[in-house]
Amino acid sequence: MSEVMRAAALTLGSAVLATALTSPPAHAQEPAAVEAAACSFYANSPYKSASKTVAARAGSSGCPNNWSFDVYLESSRWWGWARDSHVRWVGSSSRTLSAGCAGTHDHRLRIIGNNGAWTSGKTSSTVTLTC
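Because the structure is a prediction, the values reported are computed rather than measured.

Basis of the calculations
Residues numbered from 1 in each chain as written. Predicted model: local features only at pLDDT ≥ 70, side-chain atom pairs only at ≥ 80, totals over all residues. Heavy atoms only, no water. Pairing = 2+ DSSP bridges. Helix = DSSP H or I, 4+ residues; strand = E, 2+ residues; numbered from the N terminus. Disulfide = S-S within 2.5 Å. Buried < 20%, exposed > 50% of the residue type's maximum accessible area, 1.4 Å probe, protein only. Core = buried A, V, L, I, M, F, W, Y, C linked by side-chain atoms within 4.5 Å. Contact = heavy atoms within 4.5 Å. Salt bridge = Lys/Arg side-chain N within 4 Å of Asp/Glu carboxyl O.

Visitor: Outline the pairing of strand β8 (residues 119-123), listing residues and values.
Guide: Two strands pair when backbone bridges link them, and strand β7 (residues 104-114) and β8 are joined in this way by 5 bridges, in the antiparallel orientation. Within the sheet, the bridge partner assigned to Gly-113 lies in β8 and is Ser-120. The antiparallel pairing of β7 with β8 creates a hairpin that spans 4 residues between the two strands, and Gly-116 there sits at a positive phi of about 95 degrees.

Structural data, given as structure tokens:
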């Protein structure tokens, strides 16, 4: 075997060994995938709840306590999206967020879930409201 072939074989073998030692076995990945599939969450569209208030509801179900959720009620501004209201919870829950509003703006609700291994988010449809 030539020196070049021997060096290539050693390099390839080292890469394969390193991958085998750092990758979790397939069966270790199954609980995380099952857990992610069982945990669901939603973000409903914002609505005008009073003359100067906008509100929206978000929730999660089937989520164990290693999941945390951040929910943001946002309104459009010339520079981007303003965070008008925020709530955080762990596990399964549901909450209604509300904030004051004035003028005509687009509003949306965003929910972001995280369990340390997975991060996922959903955004409601954008609704234009005049307060």
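Visitor: Quick rundown of the state of the cysteines? Include the residues and the values.
Guide: Every disulfide links exactly two cysteines, by a covalent bond between their sulfur atoms. Under the counting rule described, the total for this entry stands at 2 disulfides. Residue Cys-101 pairs covalently with Cys-131 via a disulfide, S to S 1.8 Å. Between Cys-101 and Cys-131, the S-S torsion sits near -90 degrees, and that sign places the bridge as left-handed. Within this pair, whereas Cys-101 is found in the loop between β6 (93-100) and β7, its partner Cys-131 is found in the segment after β9 (127-130), the two being separated by 30 residues in sequence. In this structure Cys-101 comes out as buried when scored by relative accessible area, which is 11%. Within the protein, bonded cysteines paired by disulfides and numbered along the sequence follow the pattern 1-2, 3-4.

Visitor: Can you lay out the nonpolar core for me, pointing to particular residues and giving the numbers?
Guide: Counting residues in hydrophobic clusters, the biggest one holds 21 residues, and the most contacted among them are Phe-69, Val-71, Leu-73, Trp-89, Leu-109 and Ile-111. Those elements giving two or more residues to this core turn out to be β1 (40-43), β3 (53-61), β4 (68-77), β5 (80-90), β6, β7 and β9. The residues contacting Val-71, other than those within four sequence positions of it, are Ala-58, Ser-85, His-86, Val-87, Trp-89, Leu-97, Leu-109, Arg-110 and Ile-111.

Visitor: Residues and numbers for the environment of Ser-94, please.
Guide: Summarising the element assignment, Ser-94 is placed in strand β6. When its relative accessible area of 30% is taken as the criterion, Ser-94 is described as partly exposed. On a C-alpha basis, the gap between Ser-94 and Ala-58 in space is 5.6 Å, while along the polypeptide they are 36 residues apart. Every residue in contact with Ser-94, bar those within four places of it in the chain, is listed here: Tyr-42, Arg-57, Ala-58 and Gly-59.

Visitor: Any chance you could break down the pattern of salt bridges for me, citing the residues and the numbers?
Guide: Two side chains carrying opposite charge are able to pair once their charged atoms lie near each other. Evaluation of the coordinates by the stated rule reveals 4 salt bridges. As a salt-bridge pair, Asp-70 and Arg-88 come within 2.7 Å of each other at their nearest N and O atoms. Separated by 18 residues along the polypeptide, Asp-70 in strand β4 and Arg-88 in strand β5 bring together distant segments of the chain. Taking the relative accessible area as the measure of exposure, Asp-70 reaches 15% and is therefore buried. Of the charged contacts in the structure, one is a salt bridge between Glu-74 and Arg-110, with a shortest N-O distance of 3.1 Å. Of the two residues, Glu-74 sits in strand β4 while Arg-110 sits in strand β7, which places them 36 residues apart along the sequence. The exposure classification of Glu-74 matches that of Arg-110, with both residues buried. The structure contains a network of salt bridges with shared partners spanning Glu-74, Arg-83, Arg-108 and Arg-110.

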